[in-house]
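Here is what each chain is made of, one letter per residue.
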Amino acid sequence: MRMVTVTIDDKKFEVAEGTTVLRAAESSGIQIPTLCDHKSLAPYGGCRLCLVEVEGMRTLQPSCTMPVSQNMVVHTNTPKVKEARKFVLTLIFSERNHFCMYCQVSNGDCELQNSAYAEGMTHWPLQPNFTPYPLDATHPFYVLDNNRCILCRRCVRACAELVGNFTLGIEERGSNSVLIADLGTPLGESTCVSCGTCTQVCPTGALIDRQSAYLGRAKDSIHTKSICTQCSLGCGIDVIHRDNVVSRVEGDWDAPVNAGILCKMGRFVPLAEKRERLTTPLVKKGDALKAATYKEAVEAASPALKAGVAAFVSSTLPAEALYSFKKVFADGIKDSQVMTLDESAYTQHLGDFLSASKKPYEGLLSDLNGADCVVAVRADLSNTHQVAGFMVKRALPLGMKLVSIDDDSSKFAEYADEKIDPKGKLADAVAGLKSSKALESSTKIVFVLGKSADLDAATAKALFSLAEYFTKAGKSVKIISLKGEANAYTAYLFQMDGKVDLKKSKAAFVVLGEEEPSQKLIKDLESVPFLVVQAAYASALTARADVVLPAPIWSEMEGHYINLEGKVQTAVKAIQPPE
Amino acid sequence: MKTVRSMVLVSNDPGSLARGANEVFAALQTELSRLGIQEEISLTTVSDVGRSDALPLVIIYPEATIYGPVKPDDVRYLVEEHLYKGRVASTLVASTKELTGRITWLQARQGTLPAETRIVLERAGLIDPEDINDYILHDGYSALGKVLIEMKPEEVIAEIEASGLKGRGGAGFPTGTKWKYVAKTRANKKYVICNADESEPGTFKDRLVLEGDPHGVIEAMIIAGYAVGADEGYLYIRGEYGLAQERVRKAIAQAEELGFLGENIFGSNFSFKLHIHSGAGAYICGEETALIESIEGKRGEPRSRPPYPTTNGLWDMPTLVNNVETLANIPAILRHGAKWYRSFGTPASPGTKVYTILGNVNITGLIEVPMGITLREVINIYAKGMKGNSSFKMAQTGGSSGSIIPAALQDTPMDFESFNKAGVSLGSGALLICNEDTCVVDLAKVLLIFFKNESCGKCNPCRIGNERAYQILANVSEGTATLHDLEDLDKISQFLYEMSNCGLGQTAATPIRDILKYFRAEVEAHIRLKVCPAGTCPMSGRKY
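Below or above, wherever it landed, is the structure these notes cover.

Parameters at a glance
- Residues numbered from 1 in each chain as written.
- Chains lettered and ligands numbered in written order.
- Predicted model: local features only at pLDDT ≥ 70, side-chain atom pairs only at ≥ 80, totals over all residues.
- Heavy atoms only, no water.
- Helix = DSSP H or I, 4+ residues; strand = E, 2+ residues; numbered from the N terminus.
- Rg over C-alpha atoms; globule rule 2.2 N^0.38 Å.
- Buried < 20%, exposed > 50% of the residue type's maximum accessible area, 1.4 Å probe, protein only.
- Pairing = 2+ DSSP bridges.
- Axes fitted to C-alpha atoms, helices over the stretch in contact; angles between N-to-C directions.
- Parallel < 35°, antiparallel > 145°, perpendicular 65-115°, else oblique.
- Contact = heavy atoms within 4.5 Å.
- Nonpolar A, V, L, I, M, F, W, Y, C, P; charged D, E, K, R; others polar.
- Patch = residues over 30% accessible without salt bridge, like charges linked within 9 Å, V, L, I, M, F, W, Y side chains within 5 Å.
- Areas by Shrake-Rupley, 256 points an atom, 1.4 Å probe, with all protein chains shown as cover.
- Salt bridge = Lys/Arg side-chain N within 4 Å of Asp/Glu carboxyl O.
- Buried area = accessible area lost by both parts, 1.4 Å probe.
- Expected span 1.5 Å × (residues − 1).
- Disulfide = S-S within 2.5 Å.
- Phe/Tyr/Trp six-rings, centres within 6.5 Å; stacked < 30°, edge-to-face > 60°.
- Lys NZ or Arg CZ within 6 Å of the ring centre and 35° of its normal.
- Polar contact = N/O pair within 3.5 Å; in protein donor to acceptor, adjacent residues only side chain to side chain.

All right, on to the overall build of chain A then. Counting its secondary structure elements, chain A contains 17 helices and 26 strands. In terms of overall dimensions, chain A is globule-like: its C-alpha atoms have a radius of gyration of 27 Å, near the 25 Å expected for 579 residues. Its C-alpha atoms give chain A principal-axis dimensions of about 85 × 60 × 45 Å. Looking at the 579 residues of chain A, the share that counts as buried comes to 57%.

Have a look at this one:
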């Protein structure tokens, strides 16, 4: 990479060619205020707060979009620049209702207010004449208040560039510009997928999430960087909490997996929990469950757990928990069987894939970014593992092709260039891809394998012969298996993915964690005489258990997770479990 | 070529069409065949009649008699009298006073009006714009032939550079230099775009070029493609220009049919494809990067520069964007040479400029005159003086974003350099001439309503600044402003220029700046005395 010499505020240094003046200044410790700029979004140049003086240029230049050039001389703090900054802020404050004292994010979380303080503003001299906009509170997780919007388009750009959903946009032009969803639909009825990335990038109080309202400002709260345990992607999260209450979850911009974006499941759903939390052990006395001490609970349970226990564990738990579970039941108790709750729906044929592939095709999530064709095999990325879906969707306008092999129930198939309904013959459908136009015209192909019972050995064979065929044709082929729950891969490595025969079992021990038991599980366990359930929330299964033990939830646990790429990550405990 | 004894032209500009030009044309056809003289008389259409008082016009050569307005019912009488019996159908002749319109070749013939110098519009009005053969008969596509057979791309660019041609869209950037930038950028694909999104209020020169001589622009685009190494072009035509679009579409089809467009033009290995893209009514899409975004199917918002379109334009490829009028100069320059072109205009701004004259003058319309004539000359010679002997107060050049020129500057030669020196801009060529009854505050207010609605809304200074400036001016015209507000107005205009992202925002402030510079006393009278000297503003009690 060519280096060029620039002088910013009398500091002379070298940076790579093509760097923007803003980033170059930051790299040498010079701060330039910005509003529309965001490090994860493409430079936009709309707010004009980052204007600087470049010697030889007729007008002030936005440092966020201006690339450096050889021997460029930049001044970021001249009286003219300072006056210009104040003028921009004056204009913004005069455009709409920016009366801070009534705003939820003021005094710390608002970038507009912070910028104004930094420039020493006490008032704005231009008379405002805004027309109030109606508040859009139709969305279950967040509120759109156009009165607070500064039209920086961070949300619009994030929705398009990061999530690929293109829900948010700007209606009208000039002074009538206004942020809208779709073609003016209320947010709650729009095509929004509730990923909440817009709330995370909004610099003001225009897009704020409901749950964290008045639970304390982010800047006054504790930030704990952890990982999301809702699926096997293992997205990096920033848990924002105060006084042992989690107010908000944000994507971690520095996380290798998701680089800041999250889906509804990671950001909002865990905090919108309405189920009854279990805080003490319960023991069945007569027909009813009564609160007990741990000692009483263990005494009640242990006689039944001597031998022949069917042990189920949620694969959302940390590796440490899975390991001890396996140790206790498979190795410690005679004739016991151990398996995961999802009955290895994702992983049961993973072994076939892995042994057949000898791993040359195993792909990483980052392969999605450079791919020009993605084939989703029974993978509805609009429903599960949504962040991977966003990575695909945001590349579609850039020319990536999507082939979907799934039935009509898959929402993700709607984005596909080629839709194939396997009609129960998945192996044939996969083999048929040899004649696919999308694959033929591509050079980097990524297969994404989802959850399905018919993802069998025959499909595996067909897939690998297809991969070989395209590799021979000079294409790069990668295969990513979604693997299911957060620690499903670990469970597979611990060999906890067999089948359990409940007829032989005298007792069952189910660790639900936060999971809601499936109807099938409840029915299957009806025949078991003695049932111990360890769960965070009350459910139909805990109601009929003989002994119930409480469990911590995601924010209260520490441990290791292996994500679908095989990356080992650590979940960090943010708050204490309830007493 | 067949010889005919008479040539009958029917005007078919939009005004004439609205008044039944097509019906007149059909009636003429019927009448000529009824009398059996259709073989001796050529019947065709003509655009650019340059007048609106007597439409539709029927012009008969060689006598150069102008009839108008002609109704279908008059046709029988007209044909019998003039073409059959050979005498002037006197009751239909357009009034002589009105004959001062700009049907150029006619003026030159009669010698009663100041001659124009036509390069851009040399064929507009002379030929049938819907017939490629007519264009070819008038030297059409000969420049292209010369370029493809005799010249290398570098030689074409050198010729354009030597001609000193400057962009006629408003900024006056040297065309040859722009071509060179695109030519030297290496890429697999390049584009040529003709910016015909002419939306400066009061400017309609590009429309008349496209309606009167569409092939001229097409030929220039092919030449430009050859010179810079592009094989595909887009004509971005303003959505309201239905007739221009239709004519260009026809012209492209005809050029394709005759092999001027398509694969291996003139047997060379150069190929060129041309598309039409219709604008959708946004002023901002006349800005070249917004125009490119619009062709790409995105919201028309200007990009940040650098990178410039010459390196990263349409679909991120090097792109040449030229205005219609600029392109229309190209074939003539290549036919006659740069030296010939430099014989027009001033040394620094050679060539001619097309102006559209509007406002309180006796004759409004379109003229093409050499660069460097003065505003006083335009008003007194071409516009035949101010209306009703009123006095000239100011002119606005170049549409809404242009400068306001006070009477004191009316002797400045109108070329890019002299105007720059005087601190005003030439802009796109609209000349809005105002007399003493025009209030500067009112004028600026109208312009700001336009800008606050037409700003794309991307950058804060332009989106909010224009709104704030409008509000202050509205207060001034209501008599509720203070002198302090003028300071704010000054500041807004200064910062709009300094801080905006694109030309729209930067020039939106020009009218405000100019009225505060040249007419401050008049603005202050609104505030200090609560009086509108022109008697226009609401506080003077006059109703709109």
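A few words now on the sheet that holds strand E5 (residues 191-196) of chain B. Residue and element names in this part refer to chain B. A sheet is described by the order of its strands in space; here four strands give the open sequence E7-E6-E5-E8, paired in parallel fashion. Since the sheet does not close on itself, it has two edges, and those belong to strand E7 (273-278) and strand E8 (319-323), each with one partner. Strand-to-strand twist of the sheet, defined as the mean angle between neighbouring strand axes without regard to direction, takes the value 20 degrees. Here five bridges tie E5 to E8, and the two strands are oriented parallel to one another. Its bridge partner lying in E8, Val-192 is registered against Leu-320.

Between two packed helices, the angle of one axis relative to the other and the distance separating the axes together describe the packing. All names here are of chain B. Following both chains from N to C, one finds helix H10 (residues 214-228) and helix H13 (residues 324-336) inclined at 75 degrees, their axes separated by 8 Å at the closest point. The pairing of H10 with H13 is recorded here as roughly perpendicular in orientation. Along the contact surface, H10 presents Gly-216, Val-217, Glu-219, Ala-220, Met-221 and Ile-223, while H13 presents Val-324, Leu-327, Ile-330, Pro-331 and Leu-334. Residues of the contact of H10 with H13, tallied by class, amount to nine nonpolar, one polar and one charged.

With that settled, consider a nonpolar patch on the surface. Taken together, the side chains of A:Phe99, A:Met101 and A:Tyr102 present a nonpolar region at the surface, about 370 Å² in accessible area. Tracing the sequence through the fold places A:Tyr102 in the loop between helix H2 (79-95) and helix H3 (111-118).

Following the criterion strictly, the structure yields 65 salt bridges over all chains and no others. Between A:Arg248 and A:Asp109 there is a salt bridge; the shortest N-O distance is 3.8 Å. Of the two residues, A:Arg248 sits in strand E12 (residues 245-251) while A:Asp109 sits in the loop between H2 and H3, which places them 139 residues apart along the sequence. The exposure class of A:Asp109 is partly exposed, given its relative accessible area of 21%. Within the structure, one salt-bridge network assembled from shared partners comprises B:Glu122, B:Arg123, B:Asp139, B:Asp213 and B:Arg335.

Residues and elements named next belong to chain A. Strand order across the open sheet formed by five strands is E19-E18-E17-E20-E21, with parallel pairing between neighbours. Looking at strand neighbours, the two that pair on one side only are strand E19 (418-420) and strand E21 (476-481), the edges of this open sheet. Strand-to-strand twist in this sheet, taken as the mean axis angle between neighbours without regard to direction, amounts to 15 degrees. Where strand E17 (residues 373-377) lies against strand E20 (residues 444-449), five bridges are found, and the strand directions are parallel. For Ala-376, the partnering residue across the bridge sits in E20 and is Val-448. Strands in contact with helix H14 (residues 457-472) are E20 and E21; relative to E21, the strand with the most contacts, it is inclined by about 155 degrees.

Turning our attention to the interface of chain B and chain A. With 35 residues of chain B at the interface, the matching set in chain A holds 38 residues. Interface area, chain B with chain A, both sides summed: about 3,100 Å², of which 48% is carbon and sulfur. The interface formed by chain B and chain A includes four salt bridges. With its nearest N and O atoms 2.9 Å apart, the salt bridge here joins B:Glu301 to A:Arg153. Secondary structure elements with two or more residues in the side of chain B that touches chain A: helix H17 (440-454), helix H18 (460-478) and helix H19 (483-499) of chain B. When its residues are assigned to classes, the side of chain B that touches chain A shows eleven nonpolar, twelve polar and twelve charged.

Bringing H18(B) into the picture now. All names here are of chain B. If you check H18, its first and last C-alpha atoms are 27 Å apart, about what 19 residues at 1.5 Å a residue would give, namely 27 Å. Judged by how many residues are buried, H18 sits mostly within the fold: 16 of 19 residues are covered. At the exit of H18 stands Gly-479, carrying a positive phi of roughly 85 degrees.

Here we come to the environment of A:Pro125. Turning to its location among the elements, A:Pro125 is positioned in the loop between H3 and strand E6 (142-144). Expressed as a C-alpha distance, the spacing of A:Pro125 and A:Val178, which sit 53 residues apart in the sequence, is 24 Å. Those residues within four positions of A:Pro125 in sequence are excluded, and the remaining contacts are A:Thr90 and B:Asp488.

Another point: the state of the cysteines. Two cysteines joined by a covalent bond between their sulfur atoms form a disulfide. In total, this model carries zero disulfides over all chains according to the counting rule given. Free of any disulfide, A:Cys103 has its nearest cysteine sulfur in A:Cys110, 6.0 Å distant. For A:Cys103, a relative accessible area of 13% gives the class buried. B:Cys439 supplies the cysteine sulfur nearest to B:Cys537, a cysteine that is in no disulfide, at a spacing of 3.5 Å. Classification of B:Cys537 by relative accessible area gives buried; the value is 0%.

The next thing to look at is the pairing of strand E7 (residues 168-171) of chain A. Residues and elements named next belong to chain A. Relative to strand E8 (residues 178-181), E7 runs antiparallel, the two sharing four bridges. Considered in E8, the bridge of Glu-171 is made with Val-178. From the end of E7 to the start of E8, which pair antiparallel, there are six residues, and Glu-172 there has a positive phi angle of about 60 degrees.

With that settled, the discussion passes to the environment of A:Asp342. All names here are of chain A. Turning to its location among the elements, Asp-342 is positioned in the loop between strand E16 (337-340) and helix H9 (350-357). Note: C-alpha distance between Asp-342 and Pro-517 (175 residues apart in sequence) is 9.8 Å. Apart from the residues lying within four places of it in its own chain, the contact partners of Asp-342 are Ser-315 and Glu-485.

For the rest of this paragraph, the subject is helix H11 (residues 386-393) of chain A. With eight of its eight residues buried, H11(A) lies for the most part within the structure. Where H11(A) is buried, its residues touch helix H4 (154-162), helix H6 (264-267), helix H10 (367-370), E17 and strand E18 (401-405) of chain A.

Across all of its chains, the model carries 25 aromatic pairs over all chains by this definition. Ring geometry for A:Tyr142 against A:Phe268: centres 5.6 Å apart, planes inclined by 40 degrees, an arrangement best described as tilted. Highlighted residues: A:Tyr142 in strand E6 and A:Phe268 in the loop between H6 and strand E13 (282-285), separated in sequence by 126 residues. In this structure A:Phe268 comes out as buried when scored by relative accessible area, which is 1%. With a centroid separation of 5.7 Å and 65 degrees between ring planes, the pair formed by B:Phe260 and B:Phe266 is classed as edge-to-face. When its relative accessible area of 9% is taken as the criterion, B:Phe260 is described as buried. On the basis of relative accessible area, B:Phe266 is assigned to the partly exposed category, the value being 37%. Three or more aromatic residues link up through ring pairs in this structure, and these residues are A:Phe93, A:Phe99, A:Trp124 and A:Phe130. Just above the ring of A:Tyr489 sits the side chain of A:Lys483; from NZ or CZ to the centre is 5.1 Å.

In this section: the side chain of B:Thr352. Residues and elements named next belong to chain B. With respect to the element layout, Thr-352 can be found in strand E9 (residues 352-359). For Thr-352, a relative accessible area of 0% gives the class buried. Here Glu-368 takes part through its side chain, which lies 2.5 Å from a polar atom of the side chain of Thr-352. Every residue in contact with Thr-352, bar those within four places of it in the chain, is listed here: Thr-117, Ile-119, Val-120, Arg-168, Glu-325, Asn-329, Tyr-341, Glu-368, Val-369, Pro-370 and Met-371.

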